[in-house]
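# Residue-level structure breakdown
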Amino acid sequence: MITGFFLGLSVGPTCLATCLPAMVPVLIGEERGRSFSAATVLKFLGGRFIGYLLFGLLAWFLGNRIAAPVFETHVGRGAIYLGMAAALAIFCAMKLKTGDCCAAQSAKKSFLRLPVFLGGTPTALGLLTGLSVCPPFVVATTEAAQFDQAWRSMGYFVAFFLGTSLYFLPTVLLGEFTRFEKARIVARLCAATLAVYYAYLGLVAMLA
């Protein structure tokens, strides 16, 4: 378990750099202040925690035969990217001002009925980025796969999660930028751009 924590601590900056592009637009895109930002970060980390637990269980189940986890396949990576695109698109749709146009309001309500993981966009993004395969994650998976008990494999990933999460806590301070309308507008534009980009990556991965 200690090894998992220090592995997470050593690769935390890499995880932060990978997740910030998807996390920051959601964090700054609403005028809610620091307390809301703290809740958003906690939801994001909660999603990552769930993803790590699931992967720890999968690593134990597959054991030493874990050559290509489902999340490492083209279809798996494509599904994760498309899920991230959907989560960001739903976030953007929630911020649209439809005015008095009944058709636009109806379309917005219908779009928002699309299922998103419990906890909304931050939790969904946390879960999906937590399932994204990167070199440190592969190392953690290989280590966790060697345990003969499920709780030990899952515990290894919990320790890995705790080590990486320390780097996400300061992002709560980004909530100060929500006071500026231009910052919120830029954040929402970034979210929309990322939704298109992740959708493109997802389609390319699935068609590869």
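Only a predicted model underlies this, so the values are computations on that prediction, with no experimental measurement involved. (Residues numbered from 1 in each chain as written. Predicted model: local features only at pLDDT ≥ 70, side-chain atom pairs only at ≥ 80, totals over all residues. Heavy atoms only, no water.)

### Some thoughts on the nonpolar core
Heads up, the condition is: Here, the term nonpolar core denotes a set of buried Ala, Val, Leu, Ile, Met, Phe, Trp, Tyr and Cys residues that are joined through side-chain atoms within 4.5 Å. Residue burial is assigned from relative accessible area. The probe radius is 1.4 Å, only protein chains are included, and a residue is buried under 20% of its type maximum, exposed over 50%, and partly exposed in between. Here a strand is any run of E in DSSP of at least two residues, a helix any run of H or I of at least four, and the numbering for each starts at the N terminus. Only heavy atoms matter for contacts: two residues are in contact if any of them lie within 4.5 Å across the pair.
With 43 residues, the main nonpolar core has Met84, Leu88, Leu125, Phe157, Phe160, Phe168 and Tyr198 as its most contacted residues. Of all the elements in the fold, those that place two or more residues in this core are α1 (2-28), α2 (34-62), α3 (74-94), α5 (121-130), α6 (135-144), α7 (150-165) and α8 (181-207). For this core, the element with the highest residue contribution is α1, accounting for 10 residues. When sequence neighbours within four positions are dropped, the list of residues in contact with Phe157 reads Tyr52, Phe55, Gly56, Ala59, Phe137, Ala140, Thr141 and Ala144.

### Some remarks on a nonpolar patch on the surface
Note the threshold: Like charges within 9 Å and nonpolar side chains (Val, Leu, Ile, Met, Phe, Trp, Tyr) within 5 Å are joined into patches, using only residues over 30% in relative accessible area that form no salt bridge. The accessible surface values rely on the Shrake-Rupley method and a 1.4 Å probe; as for residues, cover is taken only from the protein chains in view. What makes a salt bridge here is a side-chain nitrogen of Lys or Arg within 4 Å of a carboxyl oxygen of Asp or Glu, nothing more.
Taken together, the side chains of Val75, Leu203, Met206 and Leu207 make up a nonpolar region of the molecular surface, amounting to roughly 420 Å² of accessible area. Of the residues forming the nonpolar patch, the biggest block, three residues, is contributed by α8. Counting through the fold element by element, Leu203 comes out in helix α8.

### Considering α7
Stated precisely, the cut-off is as follows: To estimate how far a helix should extend, the number of its residues minus one is multiplied by 1.5 Å.
With 16 residues, α7 should cover 22 Å at 1.5 Å per step; its first-to-last C-alpha distance of 22 Å lies within 8% of that length. For α7, the set of buried residues is Ala150, Ser153, Gly155, Tyr156, Phe157, Ala159, Phe160, Phe161, Gly163, Thr164 and Ser165.

### Some words on the packing of aromatic side chains
Counted only if it meets this: The pairing test for Phe, Tyr and Trp rings, Trp by its six-membered ring, is centres within 6.5 Å, and the orientation test on the planes gives stacked under 30 degrees, edge-to-face over 60, and tilted for anything in between.
Within the structure shown, the criterion is met by 10 aromatic pairs. Centroid distance Tyr52 to Phe157: 5.9 Å. Interplanar angle 45°. Geometry classified as tilted. With Tyr52 in helix α2 and Phe157 in helix α7, the pair connects residues that are 105 residues apart, well separated along the chain. For the pair Tyr52 and Phe157, a shared accessibility class is recorded, and that class is buried. Taken together, Phe49, Tyr52, Phe157, Phe160 and Phe161 form an aromatic cluster joined through their ring pairs.

### Points about the confidence of the model for the protein
Here is the rule: As a per-residue measure, pLDDT reflects the predictor's confidence and takes values from 0 up to 100.
Here the protein averages 76 in pLDDT, and 77% of its residues register 70 or above. Per-element confidence in the protein ranges from a low mean pLDDT of 46 for helix α4 (residues 102-112) to a high of 88 for α7. Segment residues 98-105: pLDDT under 50, and five contacts once partners within four positions in sequence are set aside and those in other chains are kept. Predicted confidence is poor over residues 107-118, with pLDDT under 50, and the contacts of this stretch with residues over four places away or in other chains come to 17 contacts.

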